[in-house]
Each structure stands twice: as structure tokens, then as C-alpha cells.
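Listed below, chain by chain, are the residues.
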Amino acid sequence: MKKLLILLSIGLSMQCLTAQTVADAVRYSTQNLTGTARYRGAGGAFGALGGDVSAINSNPAGSAIFNNSTVALTLSSGAYDNHTFYNDGITSNKDSNIDLNQFGGVFVSNGIGKIRKFTFGFNYDRTNDFDNAYIASGVSSNSIADYFLGNAQGTPLDLLELQSGETNADLYQFLGENETFATQQAFLGYQGYLIDPVSSDLDNTEYVSAQNGNSFNQEYQYTTRGNNSKFTFNAAGQFSENLYLGLNLNAHTFNFTRNTVFYEDNSGANNAVSNLRFDNEYRAFGSGISAQLGGIYHISPSLRVGATYDTPTYFTISEETEQYLGTSGTNGDAILNPNTINIYEDYNLRTPGKATGSIAYIFGKLGFLSFDYSYQDYSSMKYSPDEDVFFQQMNNQINNQLKGVSSYKLGGEFLAGDWSFRGGYRFIESPYKNEETLGNTTGYSLGLGYTLGNARIDIAYDWAKQEQNAALYESTFTNTAFIDNINTNILATVSFQL
């Protein structure tokens, strides 16, 4: 009940945003390869093909290729396998889950006037799965005290001292309501005996670390969960024997929760704190809208080309945080558990638009070979409101750290009677200028399908690898963990012609 009362009392009064990062913008802007097993088995290279419910995600004109109304449902079993390297330590984490990955349908009707055929459709896709975990464990030459030190510089000591009758929870809440998230971090570091003021003068704004050793045993536990979903409403038509045009209107939603727990211990005589635990929970919820325009043209019965433009997605995002710090050392034990949920004002994020060109060759009734190329400029992402000084700084960082991204998809299908055999390859460049921050993505896929009258069963296996050098905290505590991440998915789709 205490937490609920605090939540209600501060929920509308928090004015200062927590530290959104470039990594947050990249996360909410990224869409993984998702869709039916046929679509993913052929690497998602359907921009010039159509004829699959998930192909409308690549090109909204793809629904007009259908001759019969069709519905499809896909289940996915996804797994991650992380190998983490932190200084002298190596750890591994893996897990899996089963989700409804896709559900949708395309409905075909007779054309009107010059429109030979008209189609409309809907589709749900889980465009990104945030379930992930890793543990970074090893010996570091620097302490987490650097995190609190970096946030404290420039903060008057008077703000960090308890007043008569005031509790740690009271002051933490006050700083959140009237100051900044960084000031709250300074308060935790000071009251947790990790940093010391240069002077005891209440006007002091300079601090030093109370951890002066050079060997710290550290363990960082990182866990995330949630997903990014897209609901697509599609309309398309065949405007001549060879020309197909379409439009998508998309509604996006996401929920993301990140839990981190940091342990540090040491036996050095120069350190005020011998062991500590630092917990953070961050929750974000977003909703947004976007649109897609696309066309497919049949140059000949065998050769098709396609073009698609995806508008930016315009998100509105809400955030919450909770924290805990416990320390033990020469000054005794300090338990800083504010039991407070920091709720921040909503803000906006504009993701990058995307342009895609596609080409496909149809080998009669034997199958196809298809290629998609896409380009997105991640440096065009933007936080708002524009007048916010912090967001101006964040947008400058986005412009300086991110770049344009090319992605390539290649896929094929071979038909043998009622059987279909598929394979695909994709390569997506890193959005970071420094690719050590987040590496390129390389993926491969295989698929198999069988037709039973008006029904078809498809299965696919998808494998993707990406490396990253993840910062544990966005601060002067610059420690990073190198993570070798592999994601695999097994999918099954059942589709019916109506």
C-alpha cells in the first residue's frame, strides 16, 4: 500500500525525464524478420512477389496478387543463446518461448471500373521480441562508484543531505519531483558511501570516489522482456494487366521491461564500500502509427519488380523506473530502498522511414528467385518535444553516432508437386557508425511446405547472429560487455483459401 500511495502522489508531478539513450531509439525502431513460415523460409524476400499474407509487410501491393481469399496463422518457438565476455569472465545464457507470431488474411473482390481486382486485408505481426538475458561477470579495475560520481558532479551538496525528520525515501522522491534523474543517482551514491564531497560546504558541487582500489569483483545480471507488435490494415488493387498498387495503415504497440542487478565486492583497504547491490527496473510502453505505399509491375510473365516506401513510425512513449541500493563497508550498512515508482512525462520518437526496391524471377511452375534491397537512415530519428534541451542533446548524439543502413534479402522456392522447398539469406548493416557497439546481422533460413487442397502447412527454421559491445550503464562508468548473440526460430503456419 505504501508504494501505491507514493505512486499516486508523484505520478503527475514528475517533470524531469530519465536518461533516454541512443540505444533506446534503435531498439524501438528495429523490426526483425517476422511473418508466415513461407515468408520467413524464403528470407522475407517477397517485395516483388506478393501472394503471401505476410508479403503485404514487404509491399502492400502484394495482396492484389492473390486470386482467392486466404487466411493464415503462425506459431513460433524462438530461442536465444548469448555468450558474454566481461574482462576475464565468460558466461552463457539461453532460453526459449512459444508465441503467436502472426495472424492475418487477405480478401479478394471483383474490381470496379478500371480496377480489375480489389483486395483488402489485415495482419498482426510480432515485429520484435524483447525477451533476452545475459550475465557479465569478471574482475574490473574500476568501481560502479564512477557511475554515481559522474551523475553527482555539479550537484550542490545541500540537495543530498537529509533534513531534520526526512527519510531517504522522502528525499529521493523530492529530488525526482523537483530536480533530475541524475540528482537522484547522486543522492544514492552519496548516502550509500560510494562518493565523497570535496568540501563539507553545503554549496560544494565537486565529488570524488570513495572507492580507490583497482580490483573489483563484479557481476551484472541483465534481463529484458516484452515485444513490439504491428497491426496492418491493407487495401490494394490490380490497375492493369501488369500493374498492382497498395496501401497499408499500421498501428504499432510495444512494451519493454529491463531489470538489471549489479553486484560488486572487494577486499581493498582503500575502499569505503566492501560490497554492494544496485537494482534498476525500467519499464516503457509505446504506441504509434505509420503507413506504407507500394507497387508491383510485371515486366514479363517471368520478371517482376517492386517498390515500397515505409513512412517513419510516430511513437508516443511512457516510462517508469524503480531503484534499490544496498552497501556495506567501513561506514556500516546503508539500505536505500525508496519504494518509489518514478513516472515520467510522455515523449515522442520518430523512427526512420524506409525505401525498398525488389526484383523477382518466376520459373514457371517450378518456383522463384527473389531479391529485396532496403535503405533506412537511422540518423534521421528524432526525440521530441523539440524545445526540450535534453532531447536536443539526444538528437545530436543520434546524428553523430548513427548512420544510414542497407539491408539485403535473398530467397527462393522450388516446387515439386504438392511440396515446396525454400531457402533464404539476409544481411542487415549496423545502424552505428562504430560497428563495435552493435554489429551487422546475418541470417539464414530454410522452409518446407505441403499443399492439401485449399489448405497449406508450412514450416521454417530461421537462424540469425549479431555481436554487440553493450554498455552496462550510460555514464562515466564506461564498462562494457561483449555479447555474441544467436537467435533461432522454428515456425509453423496453417493457411486456408476461402
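Keep in mind that this is a model prediction, so the values were computed, not measured.

**Points about the pattern of salt bridges**
Okay, so step 1: Inspection of every chain in the model, using the stated rule, returns 16 salt bridges.
Okay, so step 2: Of the charged contacts, one joins Glu 413 and Arg 422 as a salt bridge, the two residues approaching to 2.6 Å between their closest N and O atoms.
Okay, so step 3: Classification of Glu 413 by relative accessible area gives buried; the value is 9%.
Okay, so step 4: Put simply, Arg 456 and Asp 458 hold a salt bridge, and the shortest N to O gap is 2.8 Å.

**Some thoughts on the side chain of Thr 493**
Okay, so step 1: Its place among the elements puts Thr 493 in strand β21 (residues 480-497).
Okay, so step 2: One polar contact links Thr 493 to Thr 74, side chain to side chain, over a distance of 2.7 Å.
Okay, so step 3: The residues touching Thr 493, leaving out its near neighbours within four places in the chain, are Thr 36, Ala 37, Ala 72, Leu 73, Thr 74, Arg 456, Ile 457 and Asp 458.

**Some remarks on the packing of helix α5 (residues 145-152) against helix α7 (residues 181-191)**
Okay, so step 1: Remark: α5 packs on α7, axes separated minimally by 8 Å, with the N-to-C direction vectors making an angle of 130°. Compared by their axis directions, α5 and α7 come out oblique. Remark: the crossing between α5 and α7 carries left-handed chirality. Touching Tyr 147, Phe 148, Asn 151 and Ala 152 of α5 are Phe 181, Ala 182, Gln 185, Ala 186, Leu 188 and Gly 189, all from α7.
Okay, so step 2: Among the residues forming the contact of α5 with α7, the class breakdown is seven nonpolar, three polar and no charged.

**Topic: the pairing of strand β18 (residues 419-428)**
Okay, so step 1: As defined by bridge partners, strand β17 (residues 404-416) adjoins β18 across ten bridges and the pair is classed as antiparallel. In the strand pairing of β18, Leu 415 is matched with Ser 420.
Okay, so step 2: Counting the residues between successive antiparallel strands, the hairpin from β17 to β18 contains two residues, one of them, Gly 417, with a positive phi of roughly 65°.
Okay, so step 3: Bridge count between β18 and strand β19 (residues 441-452): ten bridges; the pairing is antiparallel. Following the sheet pairing, Gly 423 is matched in β19 by Leu 446.

**A word on unusual backbone geometry**
Okay, so step 1: With an omega of 25°, the peptide bond between Ser 384 and Pro 385 qualifies as cis.
Okay, so step 2: Checked against the element boundaries, Pro 385 lands in the loop between β16 (382-384) and α8 (389-401).
Okay, so step 3: Phi angles above zero are rare outside glycine, and Asn 87 is one such case at about 55°.
Okay, so step 4: Within the fold, Asn 87 resides in the loop between β1 (70-86) and β2 (89-110).
Okay, so step 5: Phi at Tyr 193 is positive, roughly 65°, even though this residue is not glycine.

Rules and cut-offs
- Residues numbered from 1 in each chain as written.
- Predicted model: local features only at pLDDT ≥ 70, side-chain atom pairs only at ≥ 80, totals over all residues.
- Heavy atoms only, no water.
- Salt bridge = Lys/Arg side-chain N within 4 Å of Asp/Glu carboxyl O.
- Buried < 20%, exposed > 50% of the residue type's maximum accessible area, 1.4 Å probe, protein only.
- Helix = DSSP H or I, 4+ residues; strand = E, 2+ residues; numbered from the N terminus.
- Polar contact = N/O pair within 3.5 Å; in protein donor to acceptor, adjacent residues only side chain to side chain.
- Contact = heavy atoms within 4.5 Å.
- Axes fitted to C-alpha atoms, helices over the stretch in contact; angles between N-to-C directions.
- Parallel < 35°, antiparallel > 145°, perpendicular 65-115°, else oblique.
- Left-handed = near helix turned anticlockwise from the far one by under 90°.
- Nonpolar A, V, L, I, M, F, W, Y, C, P; charged D, E, K, R; others polar.
- Pairing = 2+ DSSP bridges.

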